[in-house]
Structure formats: C-alpha cells, structure tokens
Amino acid sequence: MKVWDVIVIGGGASGMMAAAVAAKQGKYVFLLEKNDSLGEKLKISGGGRCNITNGEKDLRVLLEKYGEASKYLHTPFSVFDNSQTNEFFESRNLQLVEQERKRVFPITENAKDVYEVLLQDLIKYKVEIKNNCIVSKLVSNNEKIISVETSLGNFEGKSFVLATGGLSHPKTGSTGDGFKFLEYLGHTVKTPTPSVVPIQTSDTWSHILSGTTLKDAKITFFTKNNSLLKKEFAKTGDILFTHFGLSGPTILNTASSVGVLLQSGEVIAEIDAFRNIDHGDLDKQITKIFDENKNKTFKSILKEIVPLGMSKGIEILLSEKFSNKNILETKVHSVSREDRKSLTQILKKLPIDIISLMGYDRAVVADGGVILDEVDMKTFKSKKYENLFITGDLLNINKPSGGYSLQLCWTSGYIAGMNV
C-alpha cells in the first residue's frame, strides 16, 4: 500500500493552506475532502466577500480578541500573523483592502478569488486531491496515527493534519466530524456551541425591517426575573434587522454573552436609535419637526423623525404602544405633548424580546474544540500523537467576527504545513 508523507483531512481554509505549504516543502501530500469540491465554507464566508483577516497592526491587541486563548497564540502568530497573510495572498496577485473596523477583504470582494489562490498552490505543488471522500476513523497504535478509514478505502501516511472545521454552516460539510475523531483518540473536546451567531427575537416590528441596518446604535441587554429587570451589559455599533431577529457584527460578537444570559432565564433588550442625542435634545428635534408640519398626519412625517428605513417598523411599534390606536392618522397639531414625549422614550428604548441564539446553520463561528493544553501550539501538533496536527476551528479558541477566524486558519494551517 502507498504511504503518503502527509494526509490532510478536510479541504477548507486551514486544510488547503496546510496541504499547499507541506507540498511546497517537498512532501508527498494527499488531501481528502468529503464535499464535491474544496473550500465550500470559504466560498461563502463574509457573505461571499471573504473577510480574510483583520488589519490590527498591534499583535497584542489582535491576540486579545481571541480571549483566554491569547496566551497560547503569541508564538504561532510571531511566525505567521496577519501581515504574513497579506503578503501570502498579495504575492499571488490577490490584492487586499482594509475596510471599517480593520476588516480586510480581497479587493474584488469575491471569496472565490481567495479559494482560487489556494487551489492554484495545491495544483502548483502537486497535491493529490480526493473529493467525495468521507473519513470514518483515524487508526492509531497509541503513539502515532497509522492510517485513515474512508468511504473510498484505507490510506496510510507518515503525518496527518486534521482540518475538518467546527460546526458552523453544517450544509458546507462542517458537521463536527473532527471532534468525534479527536474524542475517539482520547483528546478532551469542549462541547461546541454557536458563538458568533445571529439572535432570534419575537418582535413583529423588527422583523418587518428585515434587511435594514440601524447605524451607530446602542443595545442594552437585561435579564428579567419576576417582572424585575437587571441591566447586564450594553454594546454600540451597527445593528442589522432580519426576518428572524438581529444580526450584524455588533450582534454577532455579542451573541456568546447573550447565550450565557439565556441559560439563566428570560432576556430582553432595548435599542437606543439615537445614542448620541439625550432625551431632551431628541424631544426638541421632534418638536421642531412637529412645528414645521402641523397640518400633516403623524404617519406622514414619521420618516423625517426616525432613522433611515425604519418608519414601517416604528409604525407597528407605535400602534402597539399607544393607547390611541389611531395615533398614526392624527394630525400633528392634535398630537398631545405626552404622546410626543412617549415617542421620544420609545425611540431611545426600542423593545426587543430575545428568544434564543440561532443554530449552527446560521452560525458564522461555533466555539468549542480540543483543549489547548493537549496541543503543542508552536507546531499545532497533538501532544498525544506525535504525527497528528490539529488546525482551525477544531481548536478551542474564541473567534469573534472581523477576520479572526480565518486568520487562525491561515496561521494554524501554515505552521502545521511547515512542521509535518
């Protein structure tokens, strides 16, 4: 039976990187992928635009985003960090551009261009690729991995890279296979949960705003116990309304904390649509618009008051909140001072009832994975098996949205490829 120098299991971002780098070192590399083609999740990352990395130049600040795992990442990131990622892709004629919040994208904003760069390296360095190959088991002799059992037969290798990804976007093949393999081999795996994920809400007024982004807002989360509200924390930034709830970077990077609150009971939120204006100044602003449009209906001037694109949702909310159910058809000159002030209060505290976090199918990133004490983080080699390397989302590392997850894939894939 043929014995490969390196068998890479999983053809996503870290697997493709590891295979290409290992092959460039002269290794005889076999890449196994369960899907029809490589990089299925990569091709849809960032909504198809591919947030390839984060542009933060201060390594300490960059690593802080990885939470408790940051102390494990200084050495690998000193070898291959975000600046090396930029150099890697730009040296292969894919120009990158930094956008808001230091998120870095290919200048084409096409994730498939990132995939093509990696694919061309695999072809250039003669990596043998086997698609539609489902791995069922890694076979060991307690010290080393000897072979893999697959739907297309058994394959033997000298080194193995496990790069099957986590549990986010299971339709792309990320179904947690790697966690099962690692547990079978005796590794400790923290149970994955969706972490960078949208939030499901029950509010009709917000659902009707699907596709609308509220810029620079503040959202405050409360726990509710016997009708008593306890403020837990607040975040500021853009909020995307969806047909099922809330999304966008501000929400995605808050979801993990909201998930913890949901474990203890009911959670509600309030959105301040005018966070840079206090109640008094907002009321003056609304009063001025009222004075200029006295003979118009309240509904007809609502667009001049509320943030862009939000009038339909606010109309529904007002019809629910006001005792006067005909408030929207009331002439502005007949709107009472109390109702005007109520409008101010509502816009500063838009109510949101949180149901749950969305599932793995909508998760950008799921946390969990093999605990880092069982991995040599200088090489990403397993401490239990001397020829097994573990990369990307299989590692128990917090990865907020903003390019951090893919950067971990590039770093771990590159270093594993260099060390197999």
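Refer to the structure printed above.
As a starting point, this report considers the structure included with it.

Reading the values: rules and limits
- Residues numbered from 1 in each chain as written.
- Predicted model: local features only at pLDDT ≥ 70, side-chain atom pairs only at ≥ 80, totals over all residues.
- Heavy atoms only, no water.
- Pairing = 2+ DSSP bridges.
- Helix = DSSP H or I, 4+ residues; strand = E, 2+ residues; numbered from the N terminus.
- Axes fitted to C-alpha atoms, helices over the stretch in contact; angles between N-to-C directions.
- Contact = heavy atoms within 4.5 Å.
- Parallel < 35°, antiparallel > 145°, perpendicular 65-115°, else oblique.
- Nonpolar A, V, L, I, M, F, W, Y, C, P; charged D, E, K, R; others polar.
- Core = buried A, V, L, I, M, F, W, Y, C linked by side-chain atoms within 4.5 Å.
- Buried < 20%, exposed > 50% of the residue type's maximum accessible area, 1.4 Å probe, protein only.

A short note on the sheet that holds strand E17 (residues 350–357)
Strands sit in the order E12-E15-E14-E13-E16-E17 around a closed barrel of six strands; the barrel is antiparallel. Mean inter-strand twist for the sheet, computed between neighbouring axes without regard to direction, equals 40°. Alignment of strand E12 (residues 199–201) against E17, held across three bridges, turns out to be antiparallel. Across the sheet, the residue bridging to Thr201 is Ile354, located in E17. Relative to the sheet, helix H14 (residues 337–348) contacts strand E16 (266–272) and E17, its axis offset from that of E16 by approximately 115°.

Here we look at the packing of helix H4 (residues 70–79) against helix H15 (residues 404–419)
At a closest axis distance of 10 Å, the pairing of H4 and H15 adopts a crossing angle of 75°. As far as their axial angle goes, H15 and H4 are roughly perpendicular. The segment H4 lies against H15, with Leu73, Pro76, Phe77 and Val79 engaging Gln407, Leu408, Thr411, Tyr414 and Ile415. Along the lines of polarity and charge, the residues of the contact of H4 with H15 split into seven nonpolar, two polar and no charged.

Quick word on the nonpolar core
Judged by nonpolar contacts, the single largest core of 43 residues is most densely connected at Phe221, Ile271, Ile305, Met310, Leu318, Leu347 and Leu350. If sequence neighbours within four positions are ignored, Leu318 has contacts with Phe298, Leu302, Ile327, Leu328, Leu343 and Ile346. Listed in part, the 40 residues of the second largest apolar core include Val6, Phe88, Leu96 and Leu406.

Some thoughts on the sheet that holds strand E3 (residues 53–54)
The sheet built from three strands is open, its strands ordered E3-E5-E4 with antiparallel pairing. Pairing within the sheet leaves two strands with one partner each, and these edge strands are E3 and strand E4 (96–98). Across three bridges, E4 lies against strand E5 (residues 103–106) in antiparallel orientation. Note that in E5 the partner of Val97 across the bridge is Phe105.

Some words on unusual backbone geometry
Both trends apply: most residues other than glycine have a negative phi, and most peptide bonds are in trans. Backbone geometry places Asn93, a non-glycine residue, at a positive phi of 70°. Along the chain, the position of Asn93 falls in the loop between helix H5 (82–90) and E4. We classify Asn93 as exposed; its relative accessible area is 70%. Phi at Asn132 takes a positive value of approximately 55°, unusual for a residue other than glycine. For Asn132, the location among the structural elements is in the loop between strand E6 (128–130) and strand E7 (135–140). Residue Asn132 is classed as partly exposed on the basis of its relative accessible area, which comes to 41%.

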